[in-house]
Every structure is written in structure tokens, then in C-alpha cells.
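Spelled out from the first residue to the last, the chains are:
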Amino acid sequence: MEEEIDLKQYWDMLRKRWIIVVALPVIAALTSGMVSFFVLKPVYQASTTLIVGKKATESGQAAMQMLDNSVLQANQQLAKTYAAIAQSRTVEQNVINNLALPLTVAEFDKMIAINPVKTTEILEIQVLNKDPKLAAAIANSMASEFSKAVIEIKKVDSVSIVDTAMIPDQPVKPNKQLNVLIAFGVGLMAALGLVFLIEYM
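Residues numbered from 1 in each chain as written. Predicted model: local features only at pLDDT ≥ 70, side-chain atom pairs only at ≥ 80, totals over all residues. Heavy atoms only, no water.

**Q** What's the story with the pattern of salt bridges in this structure? I'm lost.
**A** Tallied over the entire structure, the rule returns one salt bridge. The salt bridge involving Glu145 is made with Lys148; its shortest N-O contact spans 3.5 Å. With Glu145 and Lys148 both in helix H7 (residues 132–154) and three residues apart, the pair spans about one turn of that helix. Relative accessible area serves as the criterion here: at 51%, Lys148 is assigned to the exposed category. (Salt bridge = Lys/Arg side-chain N within 4 Å of Asp/Glu carboxyl O. Helix = DSSP H or I, 4+ residues; strand = E, 2+ residues; numbered from the N terminus. Buried < 20%, exposed > 50% of the residue type's maximum accessible area, 1.4 Å probe, protein only.)

Spelled out as C-alpha cells, the structure:
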């Protein structure tokens, strides 16, 4: 019975201050929507994937290498080395020069992410940029310059591009709908806290 009375008191408080409960979440959601849709510029992501490895001289040797777990583990460790080469100053500067980008290496580096794909020999190069065409161009140029660098440095026989970067048609951020939902939720919690604070004061 006491719990029912408490719940009724809370409900009465919320009904009494319903304007606050409704207005704050709506204002927060609208503000977030305005910022997400009209202020924040969309950012696009383009990616390319590569495999680095020595060519097998025979098809039978290639099959054995595919089944050899120790070879796979060694290649996965090498992927970390390749990631460091891909994101080296030399490779990035060459890409900047090739595309005539008005960026320093430090600025360019913030746009790049090199990810060895887990349990595979694949290396993924991801590029974030506000221009979708430029994002794809940078990713493909990175793949080309990395191929040259790793062949020269590690003396490997081949670098195979699994997927070339395509021009993205949808931005990866901001997530407008998620931003609005989060703002609404935060606004609702703030409204409830404000109502209880006013009542208890």
C-alpha cells in the first residue's frame, strides 16, 4: 500500500510539472537534430584490403602453405609489421605528393587507420574524409604506395589487392538518428531530475 502511495505521489509530481517533462527532451532532441543535420558535415569512409605474401612456386606448395597453421600465425605477426610500414611517414608523404593534398603528414595520419584483420593474413586500410571521392582516391593511393614500399623493404614477391576502395555513398558519421535519440534520453533524465529537485526543495 505504501509503495502505491509513493508511486501515486511521483505520478502527481510528473503530471504537475508535465511541461518540463515534455519540453526538455523535445528541445534537446530538436537541438541535436539541428546540429546533426545542418551543422556537422558528413564524414565518409573508404577502405581497401590487401594480402602480402610470397608467391608459391607450385600449386601443391600453395595448398600446403594454406594448411600450415605455423605459416598462418607467422603471416599474422607480419601483418602488424606491414601495418607500421603502411602508416609510415614515407608512404603517407608519397600519397600526399601524388594527390597534391594540402596537408602535413601529421594531419594526413589522423585520417588513416591500418587494421590487420583478425585470424587472416589480410590488411585493411581505412580512410575517413568529408569528400567521398577523395577518401576512395586516398585509400587506393595508400594501397599502391604501400605495395611499393613493402616489396622494397621486406623483399616480398607479391602484394595482392583483395578489394579496391569504392566511392562511399553513405557517410559513417554523424549518426543523426542515434544522436537525436541520445539527446532525447538525456533530456528526459534531466527533466525528471529537475522535477524531483523542484518538488523536494
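So much for the structure itself; the text now carries on.
**Q** Explain the packing of helix H5 (residues 89–99) against H7 here, please?
**A** Angle between the axes and distance between the axes: these two values describe a pair of packed helices. Running from N to C, H5 and H7 cross one another at 130°; their axes reach a closest spacing of 9 Å. As far as their axial angle goes, H7 and H5 are oblique. As H5 runs across H7, the sense of the crossing is right-handed. Each of Val91, Glu92, Asn94, Val95, Asn98 and Leu99 in H5 lies in contact with H7, whose residues at this interface are Ala137, Ile138, Ser141, Met142, Glu145, Phe146 and Ala149. Class assignment for the residues of the contact of H5 with H7 results in eight nonpolar, three polar and two charged. (Axes fitted to C-alpha atoms, helices over the stretch in contact; angles between N-to-C directions. Parallel < 35°, antiparallel > 145°, perpendicular 65-115°, else oblique. Left-handed = near helix turned anticlockwise from the far one by under 90°. Contact = heavy atoms within 4.5 Å. Nonpolar A, V, L, I, M, F, W, Y, C, P; charged D, E, K, R; others polar.)

**Q** Got a minute to help me understand H5 in this structure?
**A** Counting along an α-helix, one turn takes 3.6 residues, and residues three or four places apart therefore face a common direction. Every buried residue of H5 is accounted for by Val91, Glu92, Val95 and Ile96. Buried residues along H5 cover an arc of 135° about the axis, so they all sit on one side. Exposed side chains of H5 directed beyond 90 degrees from the buried face belong to Arg89, Thr90 and Asn97. Ala100 sits one or two residues past H5 and shows a positive phi near 50°. (Arc of directions from axis to C-beta.)

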